[in-house]
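Now for the letters of each chain:
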Amino acid sequence: MSEHVVVIAGGGPTGMMLAGELTLAGVDVAIVERRASQDLVGSRAGGLHSRTIEVFDQRGIADRFLSEGQVAQIAGFAGVRLDISDFPTRHNYGLELWQNHIERILAGWIGELAVPIYRGREVMGFAQDDTGLGVELSDGSSVRAEYLVGCDGGGTSARRRASRSRDRIRRPAT
Ligand SMILES: Cc1cc2nc3c(=O)[nH]c(=O)nc-3n(C[C@H](O)[C@H](O)[C@H](O)COP(=O)(O)OP(=O)(O)OC[C@H]3O[C@@H](n4cnc5c(N)ncnc54)[C@H](O)[C@@H]3O)c2cc1C
């Protein structure tokens, strides 16, 4: 049985970003992703806001996104377009870039950080005991962890189960 301090259910943008941050903090983390590859069906999210670009800049990877997207004033509220070009930031704009590209670039980054990804497997459930969790995967195997984080999108299994458990499950804000 593989063992990690943290197992992340879901290798979308949220799961990959968390995995990268935990790895940089020295935490042994792995992702379980049900898709067999990073390929994404449909376009989904269409860009990045200024703050996201700032965070990527802090990690030294902003240029990877900026070189592939289109800089634009994309911030808005209630249908009103907001121009943030006079904001005191190096990135006073947003970036038009489809989610499949965002995911590919993030996957490249966590690949460089050597984050293990168990692909083509789904988190089916978990069994908690005094020292951690056994995370059950769809291929019949399991992974041992101290923490399981549900980054598996809206309304999927890890989060539903997490809402019934308070101890070792962490639910990031969505
Ligand atoms: C049709 C559509 C259009 C959208 N348009 C926009 C937009 O224009 N702008 C915008 O900002 N946002 C948009 N979004 C939202 C954006 O796509 C999400 O904010 C973003 O995908 C959230 O990332 P995430 O990593 O939290 O979740 P997701 O991208 O949903 O990733 C979850 C990952 O978990 C995996 N997974 C799920 N269950 C399990 C499991 N049990 N075990 C293992 N893996 C699992 C999935 O395969 C997936 O890779 C759109 C979303 C949809 C669906």
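Residues numbered from 1 in each chain as written. Predicted model: local features only at pLDDT ≥ 70, side-chain atom pairs only at ≥ 80, totals over all residues. Heavy atoms only, no water.

Draft legend 1. Fine view of the overall build of the protein chain. Looking only at helices and strands, the protein chain features five helices and 12 strands. Each principal axis of the C-alpha atoms in the protein chain carries an extent, and together these give about 55 × 35 × 30 Å. Classification of the 174 residues of the protein chain by burial places 41% in the buried group. Here the analysis covers contacts within the protein chain between residues at least 6 apart in sequence; of these, 60% occur between residues at least 24 apart. (Helix = DSSP H or I, 4+ residues; strand = E, 2+ residues; numbered from the N terminus. Buried < 20%, exposed > 50% of the residue type's maximum accessible area, 1.4 Å probe, protein only. Contact = heavy atoms within 4.5 Å.)

Draft legend 2. A look at the sheet that holds strand β4 (residues 70-72). Strand order in the open sheet formed by three strands is β3-β7-β4, and the pairing between neighbours is antiparallel. What marks the edges here is a single partner per strand, and that holds for β3 (47-48) and β4. When β4 meets strand β7 (residues 94-96), the two strands line up antiparallel, connected through three bridges. Among the inter-strand pairings, Val-71 is bridged to a residue of β7, identified as Leu-95. (Pairing = 2+ DSSP bridges.)

Draft legend 3. Fine view of a nonpolar patch on the surface. Taken together, Phe-77, Val-80 and Leu-82 make up a surface patch of nonpolar side chains, about 310 Å² in accessible area. By the element assignment, Phe-77 lies in strand β5 (residues 76-77). (Patch = residues over 30% accessible without salt bridge, like charges linked within 9 Å, V, L, I, M, F, W, Y side chains within 5 Å. Areas by Shrake-Rupley, 256 points an atom, 1.4 Å probe, with all protein chains shown as cover. Salt bridge = Lys/Arg side-chain N within 4 Å of Asp/Glu carboxyl O.)

Draft legend 4. A look at the domain arrangement of the protein chain. Entries for the protein chain in the domain assignment read domain 1 (2-39 + 113-168) and domain 2 (47-97). Taking the mean C-alpha position of each, domain 1 and domain 2 sit 29 Å from one another. (Domains from an automatic or database assignment.)

Draft legend 5. Up close: unusual backbone geometry. The backbone of Arg-44 sits at a positive phi, close to 55°, despite the residue not being glycine. Within the chain, Ala-114 stands out as a residue other than glycine whose phi angle is a positive 60°. Assignment of secondary structure puts Ala-114 in the loop between α4 (99-112) and β8 (117-119).

Draft legend 6. Just the pattern of salt bridges, in detail. Inspection of the entire model under this criterion finds 10 salt bridges. Taking the shortest distance from any N to any O, the salt bridge between Glu-68 and Arg-104 comes out at 2.6 Å. Of the two residues, Glu-68 sits in the loop between α3 (62-66) and β4 while Arg-104 sits in helix α4, which places them 36 residues apart along the sequence. For Glu-68, a relative accessible area of 37% puts it in the partly exposed group. A residue is classified by how much of its surface remains accessible, and Arg-104, at 40% relative accessible area, is partly exposed. Across the salt bridge formed by Asp-129 and Arg-144, the nearest N and O atoms sit 2.8 Å from each other. Remark: Arg-144 occurs in strand β11 (residues 142-150) and Asp-129 occurs in strand β9 (residues 123-129); sequence separation between them is 15 residues. The exposure class assigned to Asp-129 is partly exposed, which follows from its relative accessible area of 36%. Given the relative accessible area of 18%, Arg-144 is considered buried.

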